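Each chain is listed here by its residues.
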Amino acid sequence: MKHFLELADWTSSDLWDMLRLAVDLKEEWRAGGNEPILKGKALAMVFQKPSLRTRVSFEMGMVHLGGYAFYLSPQEIGLGKRESIADIARVLGGYVDIVMARTFAHQHVLDLAQWSPVPIVNGLTDYNHPCQGMADLLTIYEEFDHLQGLHLAYVGDSNNVATSLLMGAAQFGMKMTIGSPEGYQLGPDVIARAKQIAQDGFSVEMTTDPVAAVEGADAVYTDTWTSMGQEEELEKRKQIFPPYQVNDELLSHAADHAIVLHCLPAHRGDEITDEVADGPHSRLFPQAENRMHAQKAILVTLLQDAEKTSKKGDKDKKKHKK
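Below: a short report on this structure. Bear in mind the structure is a predicted one, so any value in this text is a computation, not a measurement.

**Section: the overall build of the protein chain**
Secondary structure assignment for the protein chain yields 13 helices and nine strands. Over its C-alpha atoms the protein chain spans a radius of gyration of 20 Å, differing by no more than 12% from the 20 Å that the globule rule assigns to 322 residues. In terms of principal-axis extent, the alpha carbons of the protein chain reach across some 70 × 40 × 40 Å. When burial is assessed residue by residue, the protein chain has 55% of its 322 residues classed as buried. Of the roughly 14100 Å² that the protein chain leaves accessible, carbon and sulfur atoms contribute 51%.

**Quick look at the pattern of salt bridges**
If you walk through the whole model with that rule in mind, you get 11 salt bridges. Across the pair Lys-41 and Glu-307 runs a salt bridge whose closest N-O atoms are separated by 3.9 Å. Placement of the pair is Lys-41 in the loop between α1 (12-30) and β1 (42-47) and Glu-307 in helix α13 (residues 284-321), with a sequence separation of 266 residues. Residue Lys-41 is classed as partly exposed on the basis of its relative accessible area, which comes to 21%. The exposure class of Glu-307 is partly exposed, given its relative accessible area of 37%.

**Looking at the sheet that holds strand β9 (residues 259-262)**
Strand order across the open sheet formed by five strands is β7-β6-β5-β8-β9, with parallel pairing between neighbours. Strands at the two margins of the open sheet, each flanked by one partner only, are β7 (203-207) and β9. The mean inter-strand angle of the sheet, taken between neighbouring strand axes irrespective of direction, is 20 degrees. Here strand β5 (residues 151-155) pairs with strand β8 (residues 219-222) via four bridges, running parallel. If you follow Tyr-154 over to β8, its bridge partner there is Tyr-221. Docked against the sheet, helix α6 (residues 130-144) engages β5, β8 and β9, running at close to 165 degrees with respect to β9.

**Some thoughts on the sheet that holds strand β3 (residues 98-102)**
Reading across from one edge, β2-β1-β3-β4 is the order of the four strands in this open sheet, with parallel pairing throughout. The open sheet has two edge strands, β2 (68-72) and β4 (120-124), and neither has a second partner. Taking each pair of neighbouring strands and ignoring which way they run, the sheet shows an average axis angle of 20 degrees. Across the face of the sheet, helix α2 (residues 52-64) comes into contact with β1, β2, β3 and β4 while running at roughly 175 degrees to β1.

**With respect to unusual backbone geometry**
Trans is the prevailing form of peptide bonds, just as negative phi is the prevailing case for residues other than glycine. The residue after Leu-264, namely Pro-265, is reached through a cis peptide bond having omega 5 degrees. With respect to the element layout, Pro-265 can be found in the loop between β9 and α12 (274-277). The phi torsion at Leu-124 lies on the positive side, around 155 degrees, for a residue other than glycine. Counting through the fold element by element, Leu-124 comes out in strand β4. Although it is not a glycine, Leu-264 sits at a positive phi angle of roughly 65 degrees. Within the fold, Leu-264 resides in the loop between β9 and α12.

**Some thoughts on the pairing of β7**
One ladder, built from five bridges, connects strand β6 (residues 175-179) with β7; its direction is parallel. Paired with Ile-178 across the strands is Met-206, a residue of β7. One crossover worth recording links β6 to the parallel β7 by way of helix α8 (residues 188-196), and it is right-handed.

**Let's talk about the nonpolar core**
Judged by nonpolar contacts, the single largest core of 64 residues is most densely connected at Phe-4, Met-134, Ile-140 and Leu-147. For this core, the element with the highest residue contribution is α6, accounting for eight residues. When near neighbours in sequence (up to four residues on either side) are disregarded, Met-134 contacts Phe-4, Leu-7, Leu-15, Met-18, Leu-19, Ala-294 and Ile-298. Counting 19 residues, the second largest nonpolar core, distinct from the first, contains Leu-5, Leu-79, Ala-89 and Val-118.

About the thresholds
Residues numbered from 1 in each chain as written. Predicted model: local features only at pLDDT ≥ 70, side-chain atom pairs only at ≥ 80, totals over all residues. Heavy atoms only, no water. Helix = DSSP H or I, 4+ residues; strand = E, 2+ residues; numbered from the N terminus. Rg over C-alpha atoms; globule rule 2.2 N^0.38 Å. Buried < 20%, exposed > 50% of the residue type's maximum accessible area, 1.4 Å probe, protein only. Areas by Shrake-Rupley, 256 points an atom, 1.4 Å probe, with all protein chains shown as cover. Salt bridge = Lys/Arg side-chain N within 4 Å of Asp/Glu carboxyl O. Pairing = 2+ DSSP bridges. Axes fitted to C-alpha atoms, helices over the stretch in contact; angles between N-to-C directions. Contact = heavy atoms within 4.5 Å. Right-handed = clockwise from strand over helix to strand, strands pointing away. Core = buried A, V, L, I, M, F, W, Y, C linked by side-chain atoms within 4.5 Å.

Shown next as structure tokens:
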């Protein structure tokens, strides 16, 4: 059983297949609608953290492909509180074909995957955000028609989004520079993991200088300075991060053709200015739409693989009976 828990779990070839499938599904949808290739399939969406984009993009993605999706709130499911994660995974697996979970602890999605008889999709954890990463790569690919050798700069808090971007940069052979304050950078274990899976063209540099990070970049990415669950650090972070704001002055150091990305929600006036978010370099809203198309490709890939696995299992059982 294949799950979608982090980009590093998949080969570069597999991710390219998903990316090309996302392009095809998006073109098909814009040309009049997707074929109902997931007709009869059901997606359970388990939420510990609320999200506009994650819920709507997954739900509409399933609808476009002929399937069905439904939302399970923290009050309804209570991962590991009302019921053990192992029990939840096996119960849901008896009802639906695939599960998306958006949690705080990364261990929760790992536990779901360990016990689930159906594919698990990581909709976000404190460690990473692989679905967002695929949407980001799709957006960059649409802009430049290639990925290998491109320079992706990330400035701000090196969080779960930065982790997935780094894994994506490694898998697609991109140069990545990361500008974050001391104490807010990716850990050496994350860097080491990216180097393990790196394809030709990949390199990574970390700096505390945001100007050095964006120098000559093809794409400049930022995210909120304070993620959900870090609210008690808000005032401290507001003192540390202003030099990392993506504004016109910082963007002037990137390539003239540079695009700006943000996974949203944006705290305008903090990590990004209105002038940049709404300006000619911004790709924030095509990027947000691409969550839906990238996730369609992930869902189709996982469900088609699960169907092949199930058929193989049935054949093996018949052989065993004989």
